[in-house]
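Chain by chain, the residues run as shown.
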Amino acid sequence: MNIIKLDAIGSTNTYLKELSAVSKLPNLTVVVANTQYAGRGQRGTKWEGEKDSSLTFSVLVKDVLCDISQIYDLNILTTLSVLQGISKLSKIRLSIKWPNDIMADNKKICGILIENSIKSSDQVQSIIGIGINVNQTSMRELPNASSLFLLESKYFDKEVILQCVLDQLENNLAILKQGNIGLLWQQYHENLFKINQCCDFELPDQSCFKGVIKGVSSTGQLQVLNQDEQIKEFSLKEVKLLY
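Summarised in this report is the structure supplied together with it. Fair warning: this is a prediction, and the values are worked out from it, not measured in the lab.

1. Some details on the pattern of salt bridges
Taken as a whole and judged by the stated rule, the model has four salt bridges. Of the charged contacts, one joins Lys-108 and Asp-101 as a salt bridge, the two residues approaching to 3.5 Å between their closest N and O atoms. Among the residues examined, Asp-101 registers a relative accessible area of 12% and is labelled buried. Ionic pairing is found between Asp-200 and Lys-210, a salt bridge with its closest N-O pair at 2.7 Å. On the criterion of sequence distance, the pair formed by Asp-200 in strand E10 (residues 198–202) and Lys-210 in strand E11 (residues 208–216) is long-range, its members being ten residues apart. Relative accessible area serves as the criterion here: at 34%, Asp-200 is assigned to the partly exposed category. Lys-210 sits in the partly exposed class, given a relative accessible area of 40%.

See below:
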């Protein structure tokens, strides 16, 4: 696996995307930054990694997805890979908050941003950006977030976490190639945050409703059982889970 290490960069996703446009990079090329000062998250949010404390990296995935319909398969296997990799080193009970945040004790410890592009050969190239809160000692400005250090009161080796996650990602990509994506979907739902629980949701007009999370569709929509006993599906821009 080709790993490029940087001291500081605006965004590992942007750097890897620009590098892949001018260089023929091997599949699973990884860019790791000690400091990332212009990282991006879901819904246009900004991801700021604390120097020497966060693990921020991006992975190039190509020649794996043959169809645009498989894009969410990559999302679920990526989140599983992060959860499984961290779980090898931590005793914390982790879960996946739709669509792809990693939660521990109702606190976010990892965000994932996947950017896809369709190549002329109909192959999908993806840049997977991952930011893990590892050794931060304070998250005062982010009340819904935490770090592995704060949760376990011990420091973690970021290099070991990186390797564990990359190993799991490689294993799960092999499962996808073998056509066993159903196994990964099952594991994704088993670890889905608040599944089968009544939750509060917010709509774009800021109105709220209660519903029970039943799962995620193959296209990545959240399936919610509403008070009328009907299952409705929502995209990321259509609903926000309040917790």
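2. Details of the sheet that holds strand E6 (residues 94–97)
Pairing is mixed in the open sheet, where seven strands are placed in the order E1-E2-E5-E9-E8-E7-E6. Sheet topology places strand E1 (3–9) and E6 at the edges, where each strand pairs with a single neighbour. In this sheet, adjacent strand axes meet at a mean angle of 20° when their direction is disregarded. Alignment of strand E2 (residues 30–36) against strand E5 (residues 54–65), held across four bridges, turns out to be antiparallel. Of the residues in E5, the one forming a bridge with Val-32 is Phe-57. Relative to strand E8 (residues 107–118), helix H2 (residues 71–87) is tilted by about 145°, and along the sheet it contacts E5, E6, strand E7 (101–104), E8 and strand E9 (124–133).

3. Quick notes on helix H5 (residues 181–190)
Within H5 the residues assigned to the buried category are Ile-181, Leu-184, Trp-185 and Tyr-188. Along the axis of H5, the buried positions cluster into a sector of 100°, meaning they face one direction only. Of the surrounding elements, those touching the buried residues of H5 are H2, E6, helix H4 (158–177) and E11.

4. Re the nonpolar core
Core analysis: the largest hydrophobic core is formed by 59 residues, its most contacted members being Phe-57, Val-59, Val-82, Ile-132, Ile-161, Tyr-188 and Phe-201. Apart from residues no more than four positions distant in its own chain, Val-59 is found in contact with Leu-16, Leu-28, Thr-29, Val-30, Ser-126, Ile-127, Ile-128, Leu-166 and Leu-169. One finds Leu-16, Val-31, Leu-60 and Ile-127 within the second-largest nonpolar core, a separate group that totals seven residues.

About the thresholds
Residues numbered from 1 in each chain as written. Predicted model: local features only at pLDDT ≥ 70, side-chain atom pairs only at ≥ 80, totals over all residues. Heavy atoms only, no water. Salt bridge = Lys/Arg side-chain N within 4 Å of Asp/Glu carboxyl O. Buried < 20%, exposed > 50% of the residue type's maximum accessible area, 1.4 Å probe, protein only. Helix = DSSP H or I, 4+ residues; strand = E, 2+ residues; numbered from the N terminus. Pairing = 2+ DSSP bridges. Axes fitted to C-alpha atoms, helices over the stretch in contact; angles between N-to-C directions. Contact = heavy atoms within 4.5 Å. Arc of directions from axis to C-beta. Core = buried A, V, L, I, M, F, W, Y, C linked by side-chain atoms within 4.5 Å.

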